[in-house]
Amino acid sequence: GTEVFFRAPLYPYILGAIYRIFGTGGFTPRLIQGMIGAASVLLLHRIGLRVGGRRAAAVAALLGALCWPLIYFDNELLTTGTEVFLSLAAILVLMVADEKARRFGWMLAGGMIIGLAAVTRPNMLLFCPAAAAWAAWPVARRHRWRPAAALAVVLGTALAVAPVTLRN
């Protein structure tokens, strides 16, 4: 269309692509959302491993798998499951980036995922400054400020949001 987006457009585009490929029934998008929800549980597990070890990862994954609102919203044609998945993916990618020697590309990818999350739920843009500050923060006394990492997060977010902004 030619109108300005009234709502964040990523989820409607995903839903439109699913309908175009598989037809307009309600089962397929719900099945795909269920798979995205299962992937979110795996992301929780991976984040738990990095933060607190195997036991914390198991507890996080179990709590995510049994969380009734997440189960419920995976069965509704709403943005919630996509938002949760993209938020967890951004956190995990940024955590991985922090461990890499060449972190610019990973931080850029983390920023792009934040941008995609913002194209699903615009208030996710509030996470970008916090993620950029975290990326720049010196981890230990021996490290220095990392402004390039912060720039990568902001740039990645801007790249993902730019097509929607330009279209509007």
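This structure is a prediction, so every number in the text was calculated from the model and none was measured. (Residues numbered from 1 in each chain as written. Predicted model: local features only at pLDDT ≥ 70, side-chain atom pairs only at ≥ 80, totals over all residues. Heavy atoms only, no water.)

1. Brief notes about the overall build of the chain
So, step 1. Looking only at helices and strands, the chain has seven helices and zero strands in total.
So, step 2. Dimensions along the principal axes, computed over C-alpha positions, put the chain at roughly 55 × 45 × 25 Å.
So, step 3. When contacts within the chain are restricted to residue pairs at least 6 apart in sequence, long-range pairs at least 24 apart make up 64% of them.
So, step 4. Accessible surface computed for the chain: about 10,500 Å², of which carbon and sulfur atoms make up 69%.
So, step 5. For the chain, the centre of its 16 positive side-chain charges and the centre of its 6 negative side-chain charges are spaced 13 Å apart. (Helix = DSSP H or I, 4+ residues; strand = E, 2+ residues; numbered from the N terminus. Contact = heavy atoms within 4.5 Å. Areas by Shrake-Rupley, 256 points an atom, 1.4 Å probe, with all protein chains shown as cover. Lys, Arg positive; Asp, Glu negative; His and termini not counted. Charge placed at Lys NZ, Arg CZ, Asp CG, Glu CD.)

2. Regarding the pattern of salt bridges
So, step 1. Throughout the structure, instances matching the rule amount to three salt bridges.
So, step 2. Close ionic contact of Glu99 with Arg50 constitutes a salt bridge, the shortest N to O distance being 3.2 Å. Placement of Glu99 in helix 4 (residues 80–99) and of Arg50 in helix 2 (residues 27–66) is noted, with a sequence separation of 49 residues between them.
So, step 3. Judged by relative accessible area, which is 32%, Arg50 ranks as partly exposed. (Salt bridge = Lys/Arg side-chain N within 4 Å of Asp/Glu carboxyl O. Buried < 20%, exposed > 50% of the residue type's maximum accessible area, 1.4 Å probe, protein only.)

3. Observations concerning the nonpolar core
So, step 1. Core analysis: the largest hydrophobic core is formed by 31 residues, its most contacted members being Leu94, Met107, Ile113, Ile114 and Val153.
So, step 2. At the level of secondary structure, the elements contributing two or more residues to this core comprise helix 2, helix 4, helix 5 (104–120), helix 6 (127–136) and helix 7 (147–167).
So, step 3. For this core, the element with the highest residue contribution is helix 4, accounting for 10 residues. (Core = buried A, V, L, I, M, F, W, Y, C linked by side-chain atoms within 4.5 Å.)

4. Thoughts on the packing of aromatic side chains
So, step 1. Following the criterion strictly, the structure yields two aromatic pairs and no others.
So, step 2. With 6.1 Å between their ring centres and 90° between their planes, Phe5 and Tyr13 make a pair best called edge-to-face.
So, step 3. Ring geometry for Tyr72 versus Phe73: centroids 5.1 Å apart, planes at 80°, classification edge-to-face. (Phe/Tyr/Trp six-rings, centres within 6.5 Å; stacked < 30°, edge-to-face > 60°.)

5. Observations regarding a nonpolar patch on the surface
So, step 1. Together, Phe104, Met112, Leu155 and Leu159 line one region of the surface with nonpolar side chains, adding up to about 340 Å² of accessible area.
So, step 2. Among the secondary structure elements, those contributing two or more residues to the nonpolar patch are helix 5 and helix 7.
So, step 3. Residue position: Leu155 is located in helix 7. (Patch = residues over 30% accessible without salt bridge, like charges linked within 9 Å, V, L, I, M, F, W, Y side chains within 5 Å.)

6. Details of the side chain of Thr157
So, step 1. Tracing the chain through its elements places Thr157 in helix 7.
So, step 2. Ignoring anything within four residues of it in the chain, the contact list for Thr157 reads Gly111, Met112, Ile114, Gly115, Leu125 and Cys128.

7. With respect to helix 7
So, step 1. Between the first and last C-alpha of helix 7 there are 30 Å, a value that for 21 residues agrees with the 30 Å anticipated at 1.5 Å per step.
So, step 2. Every buried residue of helix 7 is accounted for by Ala149, Ala150, Ala152, Val153, Gly156, Thr157, Ala160, Val161 and Val164.
So, step 3. Close packing links the buried residues of helix 7 with helix 4, helix 5 and helix 6. (Expected span 1.5 Å × (residues − 1).)

8. Description of the confidence of the model for the chain
Close inspection of predicted coordinates is inappropriate in any region flagged by low pLDDT.
So, step 1. Mean pLDDT for the chain: 92, with 96% of residues reaching 70 or above.
So, step 2. In the model of the chain, helix 6 stands out as the element of lowest mean pLDDT, 93, in contrast to helix 2, which has the highest, 96. (pLDDT = per-residue confidence, 0-100.)

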